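A closer look at the structure
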Amino acid sequence: MGVGVLDQTGATFAEYLPGMRAVIIADENTWAAAGAGVQESLRAAGIDSDEPVVFPGQPVLFADDAMVLRVRDILAATGAAAVSVGSGSINDVVKNASDMVGRPYLSVCTAASVDGYTAEGAAITVRGVKSTVTCRAPIAVVAPIDVMAAAPSRLTATGLGDLFEKIPAGADWLVSDALGIEAVDWDVWDLVQGPLQDAIADPDGLRRGDLEAVEALSEGLQMSGLAIQVHGTSRPASGAGHHFSHQWEMEGYGRDWAIPLSHGFKVGLGTLAMCALYEIVIGIDLSSIDVESRLVAWPTPAQDRARVEALQPAPIIRESAVRASAEKYLPPDAARERLERIRRVWPELRFRLAQQLMPASEVEDILRRVGAIHHPSQIGVSLEQLRTKYFQAQTIRARYTILDTLEEAGVLTDVVDRLFAPGGYWYGRSPEPRWTDAS
Ligand SMILES: [Zn+2]
């Protein structure tokens with residue numbers, strides 16, 4: 001990673017993929033950004049290459065199962081190792097396809113837009129549903145900061161949105177740790193949380209494409225991907241703020257727009273939504289939950305299933321939400337233990353959460369300055385629809401977050417309602433014009 005490192009692509013390929021042929025996979029946009037440089041560098045290092053595969057730039061390449069199979073067939077026919085030149089979609093498609101043919105690949109990043117470069121797993125739409133497909137990470141990554149800084153600023157804003165969620169996601173992990181559900185791995189924690197503050201420190205510089213700011217963001221994203229790889233799950237990098245995005249992604253929201261609604265824009269809005277919620281949460285006293293009266297109202301598995309089904313009208317999402325929620329469901333005995341533990345850990349946990357979090361107004365300011373989405377109206381989502389997302393987000397993944405704690409404590413509706421009532425974060429926040437690439 002660094003300014004001017006594109007010309008080290010060939011040497012990197014030779015070091016990590018010795019003796020192999022190369023095939024560059026790009027689209028017209030990413031080819032224009034870095035294709036010739038990569039090709040030249042491979043040639044200079046004496047690497048034999050196939051004719052590059054360059055997909056059309058319009059419409060934007062869509063990372064679905066059909067695309068993965070196309071690239072898999074290309075790789076199967078050549079025996080070459082892929083050099084992915086691009087950002088989120090191209091990298092994910094090449095990662096999945098390379099894994100299918102059991103071949104390592106090299107990733108050349110053209111934008112600081114995702115943390116997935118260095119991560120295991122790819123975000124692929126399979127039979128119409130956005131999914132995380134298990135597959136190996138690239139053998140090496142080349143991150144030329146000058147190329148990435150010259151990418152359209154909406155891509156950098158997207159990367160900040162994706163990285164920003166590590167703040168409330170860290171809080172969710174602390175909650176899960178304190179309740180004995182999923183322990184924090186502090187070495188992995190440091191990989192993600194360590195570079196985070198520097199990475200988001202200069203939103204104006206990021207928007208302008210300043211090299212230093214883009215390098216800090218890129219470092220945060222690459223480390224976050226490595227943390228996912230080390231930990232073996234996305235827990236270090238993904239909490240309830242990501243669940244907002246998963247919900248929109250599974251609905252296919254914004255997929256058919258001229259510039260499809262990006263992962264990081266949705267995650268950035270989810271980050272703001274969760275930081276606003278946490279502000280209320282750290283002000284309430286969960287150490288005084290009335291365990292007995294909560295247990296009287298504790299749902300049966302059938303009642304809990306009915307709640308989830310009512311929240312998820314789309315059949316394809318409903319099915320996976322019912323499954324995820326059933327995994328988290330606690331029978332009454334375990335519920336008693338959980339509620340008592342929430343009571344016990346809350347005073348100290350609340351203190352630690354307050355240290356981890358950032359005020360929602362600050363989150364909004366950073367999103368606004370970098371040019372990311374900071375109000376649901378910018379993507380055509382009403383406040384009422386956003387309110388529903390808080391409840392849907394609790395259902396779609398088995399991963400435990402503060403939304404689950406509030407649901408278990410019987411206060412989720414109350415807390416969410418406060419956000420939209422007079423004095424609440426979302427109340428009276430004026431709508432903003434629809435986002436366009438020019439804004
Ligand atoms: Zn993400």
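Residues numbered from 1 in each chain as written. Predicted model: local features only at pLDDT ≥ 70, side-chain atom pairs only at ≥ 80, totals over all residues. Heavy atoms only, no water.

What follows covers the nonpolar core. Generally speaking, a soluble globular protein has its nonpolar side chains buried in company with each other. Formed by 91 residues in total, the largest nonpolar core has its most connected members in Leu277, Tyr390 and Trp426. Residue contributions to this core peak at eleven residues, all from helix 13 (residues 263-281). Per-domain counts for this core show at least three residues from each of domain 1 (5-149) and domain 2 (157-183 + 233-420). Setting aside anything within four residues of it in sequence, one finds tryptophan 426 in contact with Leu269, Leu272, Ala273, Ala276, His374, Pro376, Leu383, Leu386, Tyr390, Leu419 and Phe420. Core analysis: the second largest hydrophobic core is formed by 21 residues, Val68, Val71, Val94 and Val133 among them. (Core = buried A, V, L, I, M, F, W, Y, C linked by side-chain atoms within 4.5 Å. Buried < 20%, exposed > 50% of the residue type's maximum accessible area, 1.4 Å probe, protein only. Helix = DSSP H or I, 4+ residues; strand = E, 2+ residues; numbered from the N terminus. Domains from an automatic or database assignment. Contact = heavy atoms within 4.5 Å.)

Right, let's talk about the coordination of the zinc ion for a bit. In the first shell of the zinc ion, the protein supplies Asp162 (OD), His242 (NE2) and His263 (NE2), at 2.1 Å from the metal. One chain supplies every donor for the zinc ion, spaced along it as D-x79-H-x20-H. Within this pair, whereas aspartate 162 is found in helix 6 (residues 153-164), its partner histidine 242 is found in helix 12 (residues 240-251), the two being separated by 80 residues in sequence. Taking relative accessible area as the criterion, aspartate 162 reaches 1% and is therefore assigned buried. (Donors = N, O, S within 2.8 Å, 3.2 Å for Na, K, Ca; no water.)

Below, the discussion takes up the environment of glutamate 28. Tracing the chain through its elements places glutamate 28 in helix 2 (residues 28-44). Separated by 58 residues in sequence, glutamate 28 and glycine 86 place their C-alpha atoms 9.9 Å apart. What glutamate 28 contacts, discounting residues up to four positions off in sequence, is Val54, Phe55, Pro56 and Gly57. Within polar-contact distance, the side chain of glutamate 28 engages the backbone nitrogen of glycine 57 at 2.9 Å. (Polar contact = N/O pair within 3.5 Å; in protein donor to acceptor, adjacent residues only side chain to side chain.)

Here the structure, examined in full by the defined rule, presents 22 salt bridges. Lysine 389 is the salt-bridge partner of glutamate 251, the closest N and O atoms lying 3.2 Å from each other. Taken together, the positions of glutamate 251 in helix 12 and lysine 389 in helix 19 (residues 383-395) put the pair 138 residues apart, joining distant regions of the chain. (Salt bridge = Lys/Arg side-chain N within 4 Å of Asp/Glu carboxyl O.)

Before going further, it helps to spend a moment on the sheet that holds strand 2 (residues 53-55). Spatially, five strands are ordered 2-1-3-4-7 in an open sheet, and the strand pairing comes out parallel. The open sheet terminates on both sides in strands that have one partner only, identified here as strand 2 and strand 7 (140-142). Pairwise comparison of adjacent strand axes, ignoring direction, gives a mean angle of 20° for this sheet. Relative to strand 3 (residues 81-86), strand 1 (residues 22-27) runs parallel, the two sharing four bridges. Its bridge partner lying in strand 3, isoleucine 25 is registered against serine 84. Each of strand 1, strand 2, strand 3 and strand 4 (106-109) is contacted by helix 2, which is oriented at about 160° to strand 1, the strand it contacts most. (Pairing = 2+ DSSP bridges. Axes fitted to C-alpha atoms, helices over the stretch in contact; angles between N-to-C directions.)

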